[in-house]
Amino acid sequence: MREHRLEVADVFRAYEKEFFAQWGHVLGPHQRKAFRAIRDCRTAALGAHAEYVEQCDTCGHRAIAYNSCRNRHCPQCQASARARWLAEREAELLPVPYFHVVFTLPGRIGELALHNAREIYNILFRAASEALLTIAADPQRLGAAIGFLAVLHTWGQNLHLHPHLHCVVPGGGISPDGTRWIPCRNNSFFLPVRVLSRRFRNLFLSHLREAFRHGRLKFHGEMSGLNPSTAFQDLCCRARRSEWVVFAKPPFGGPQQVLKYLARYTHRVAISNRRLVSVQDGRVSFEYKDYASGNQTKVMALGATEFIRRFLLHVLPGGFVRIRQFGFLANRARGKKLALCRVLLHALPPTKTPVIEVHGEVDKREDRRCPVCKIGHMILLRLVSVAQTEAFPRQDSS
């Protein structure tokens, strides 16, 4: 019997019946699909690999390798996708300062995503990107065409709905005539945050009103009071009178620091298994950072069904793209624009780091410490021959 670290999947399996009895009637098909995938991930329900085993990267201990669900919301299945994605992004880094900018929706506006997730999150991407691109292009600001990457997060530390975009922005851009790289003027963020915040607010509310006029927003239950036009317009007017939060952090140390940052943010899910503390008497305890108390780590306890409900709030609609690139990093022209940037910066193309494989395939098992040495991580190892497969005893790893 292996030592088992507490996982979100354990909560799903233990309290599935109670949760669906209480909340099953309001779940969408994408949430049901994610629930099933996380519940069954790396269990006999998904079958085992015929040619692969789990092996500790430190002591060599082996165990049956059950199939992963590969769902993008699963806390166990992000390591491989993150490694592949980061290897691709490494070749796109430029030798300039990078900035971290966060766009956050006010609470009442963010709540609209409860019934209109796809529409609200698309508007969030659109408003934030238009604000950055237009202000940067203003000759009185930077006067350049910039590029950046944006990652959608929808949660706060307590798992409540908290939609916000994390943007990574190179410090400079291409001149209008395409002959110069225009760098940011100093080490503080090169666009005025207050101007950026107000432009973002105005753009978002403009796009939101347009979506309402064209019938793309739906409100049910407690939010049905927003269906009359007067109530919705009143909400928008109140939101326009408030200051919206746009936060810009100091520049990163360099391209490698950018990669470390991206590794933390790009393939994150609502809560990782390592934050779970206990499941006892129908309650789930987990760690969270209390930003109001100086980022102190505290423990919160929720009823198991409420914990599952909050987790599933952050399951995105099927096919929704939550990592997007804009400006000279946009997919359509990225290759040519990056080549131009390097010419203007007199920079050589970076050497792409190969993804190291062991016997054909390695998949670091997220949050899976070795049950024997308790130091190493369990990795997915491909057996190189049929003889190895037959020689490996199919022991029970549950």
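In case you missed it, the structure is sitting above this.
Let us look at the structure shown here. (Residues numbered from 1 in each chain as written. Predicted model: local features only at pLDDT ≥ 70, side-chain atom pairs only at ≥ 80, totals over all residues. Heavy atoms only, no water.)

## Overview of the packing of aromatic side chains
Using the criterion set out here, one finds 17 aromatic pairs in the structure. Measuring from centroid to centroid gives 6.2 Å for Tyr121 and Phe320, while their planes differ by 70°, and the two rings are edge-to-face. Here the residue Tyr121 occupies a position in helix α6 (residues 113-137), and Phe320 occupies one in the loop between α10 (304-312) and β12 (323-327), the gap between them amounting to 199 residues. In this pair, the class of Tyr121 matches that of Phe320, namely buried. Note on Phe212 and Phe232: the rings are 4.0 Å apart at their centroids and 5° apart in plane angle, and the pair reads as stacked. Of this pair, Phe212 sits in helix α7 (residues 193-213) while Phe232 sits in helix α8 (residues 229-240), and the two are 20 residues apart along the sequence. The residue whose ring lies beneath Arg89 is Trp85, and the NZ or CZ to ring-centre distance is 4.9 Å. (Phe/Tyr/Trp six-rings, centres within 6.5 Å; stacked < 30°, edge-to-face > 60°. Helix = DSSP H or I, 4+ residues; strand = E, 2+ residues; numbered from the N terminus. Buried < 20%, exposed > 50% of the residue type's maximum accessible area, 1.4 Å probe, protein only. Lys NZ or Arg CZ within 6 Å of the ring centre and 35° of its normal.)

## Section: a positive patch on the surface
On the surface, a cluster of positive charge is made up of Lys249, Arg264, Arg268 and Lys289. Here Arg268 shows up in the loop between α9 (255-265) and β9 (276-280). Note on Arg268: relative accessible area 33%, which makes it partly exposed. (Patch = residues over 30% accessible without salt bridge, like charges linked within 9 Å, V, L, I, M, F, W, Y side chains within 5 Å. Areas by Shrake-Rupley, 256 points an atom, 1.4 Å probe, with all protein chains shown as cover. Salt bridge = Lys/Arg side-chain N within 4 Å of Asp/Glu carboxyl O. Lys, Arg positive; Asp, Glu negative; His and termini not counted. Charge placed at Lys NZ, Arg CZ, Asp CG, Glu CD.)

## Considerations on the side chain of His314
Note on placement: His314 falls in the loop between α10 and β12. Of the polar contacts made by the side chain of His314, one reaches the side chain of Thr154; its length is 2.8 Å. Once you skip the residues sitting within four places of it in the chain, His314 turns out to touch His73, Thr154, Trp155, Leu159, His160, Leu161 and Ala270. (Polar contact = N/O pair within 3.5 Å; in protein donor to acceptor, adjacent residues only side chain to side chain. Contact = heavy atoms within 4.5 Å.)

## Quick notes on unusual backbone geometry
The phi angle at Arg42 is positive, at roughly 55°, despite the residue not being glycine. Along the chain, Arg42 falls in the loop between α3 (29-40) and β1 (48-56). Residue classification places Arg42 among the buried positions, given a relative accessible area of 11%. Even without being glycine, Leu159 reaches a positive phi, approximately 75°.

## Things to note about the packing of helix α2 (residues 16-23) against α3
The axes of two packed helices give the description: the angle between them and the distance between them. One way to put it is that α2 packs onto α3 with a least axis distance of 13 Å and a crossing angle of 175°. Taken as axis vectors, α2 and α3 run roughly antiparallel relative to one another. Side by side, α2 and α3 meet where Glu16, Phe19 and Phe20 of the first sit next to Arg32, Phe35 and Arg39 of the second. (Axes fitted to C-alpha atoms, helices over the stretch in contact; angles between N-to-C directions. Parallel < 35°, antiparallel > 145°, perpendicular 65-115°, else oblique.)

## Notes on the sheet that holds β12
Spatially, β8-β3-β5-β4-β12 is the arrangement adopted by the five strands of the open sheet, whose pairing is antiparallel. The open sheet has two edge strands, β8 (246-249) and β12, and neither has a second partner. Averaged over all neighbouring strand pairs, the angle between strand axes comes to 20°, with direction disregarded. As judged from the seven bridges shared by strand β3 (residues 98-104) and strand β5 (residues 161-170), these two strands associate in the antiparallel manner. Bridge pairing links Tyr98 to Pro170 in β5. In the packing of α6 onto the sheet, contacts are made with β3, β4 (147-155), β5 and β12, and the angle to β5 comes to roughly 25°. Sheet strands touched by α7: β3 and β8. Its angle to β8, the strand with the most contacts, is close to 145°. (Pairing = 2+ DSSP bridges.)

## A closer look at helix α11 (residues 334-345)
The first and last C-alpha atoms of α11 sit 16 Å apart over twelve residues, in line with the 16 Å expected at 1.5 Å per residue. Within α11, burial applies to Arg334, Leu338, Cys341, Arg342 and Leu344. In an axial view of α11, the angular spread of the buried residues amounts to 165°, which keeps them on one side of the axis. In α11, the exposed positions angled more than 90 degrees off the buried face are occupied by Gly335, Lys336 and Val343. In this fold, the buried residues of α11 make contact with α4 (79-90), β6 (172-174), β7 (181-183) and β12. Where α11 terminates, the next one or two residues include His346, which has phi positive at roughly 55°. (Expected span 1.5 Å × (residues − 1). Arc of directions from axis to C-beta.)

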